[in-house]
Amino acid sequence: MSTVANLLARKQALLERLESDPGPNEREEIQALIAQIETALNLLDPRTAGPSDK
């Protein structure tokens, strides 16, 4: 699995966790991780990350 594919898979898993209605602390942590992944994706390929799903 390529780096971009791995990051996208991690982002998708985190988005699914957000849908499961986590507590406020966990939500903050998940959103921070998604932001980090989006930054990495933008650095690797600006067309891949897309708009934020926050």
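Numbering of residues starts from 1 in each chain and follows the order in which that chain's sequence is written. Side-chain atom pairs in this predicted model are given and counted only at pLDDT of 80 or more, local residue features only at pLDDT of at least 70, and totals for whole chains, interfaces and linings cover all residues. Note that the side-chain values use all heavy atoms of the structure and ignore hydrogens as well as water.

Its 21 residues give helix 2 (residues 24-44) an end-to-end C-alpha distance of 30 Å, which sits within 8% of 30 Å, the value for a rise of 1.5 Å per residue. All of the buried residues in helix 2 are I30, I34, I37, E38 and L41. Seen along its axis, helix 2 keeps its buried residues to an arc of 105°; they face one direction. Among the exposed residues of helix 2, those oriented more than 90 degrees off its buried face are P24, N25, E28, Q36 and L43. Every helix listed is a DSSP run of H or I at least four residues long, and every strand listed is a run of E at least two residues long, numbered separately from the N terminus. In a helix, the anticipated span is given by 1.5 Å times the number of residues less one. We call a residue buried when its accessible area falls under 20% of the maximum for its residue type, exposed when it is over 50%, and partly exposed in between, using a 1.4 Å probe and counting protein chains only. Think of it as the arc spanned by the lines of direction from the helix axis to the C-beta atoms.

This next bit is on the nonpolar core. As used in this record, nonpolar core signifies buried Ala, Val, Leu, Ile, Met, Phe, Trp, Tyr and Cys residues forming a set joined through side-chain atoms within 4.5 Å. Residues L7, L14, L15, L18, I30, I34, I37 and L41 constitute the largest nonpolar core, which totals eight residues. In this structure, I30 is in contact with L14, R17, L18 and P22, ignoring residues within four places of it in sequence. Contacts are residue-level and defined by heavy atoms, with any inter-residue pair within 4.5 Å sufficient.

If you check helix 1 (residues 3-19), its first and last C-alpha atoms are 25 Å apart, about what 17 residues at 1.5 Å a residue would give, namely 24 Å. Inspection of helix 1 places L7, K11, L14, L15 and L18 among the buried residues, and these make up the whole buried set. All buried residues of helix 1 lie within an arc of 105° about the axis, which places them on one face of the element. D21, located one to two residues past helix 1, shows a positive phi value of around 60°.

Function cannot be inferred from these measures alone, as they are strictly geometric.
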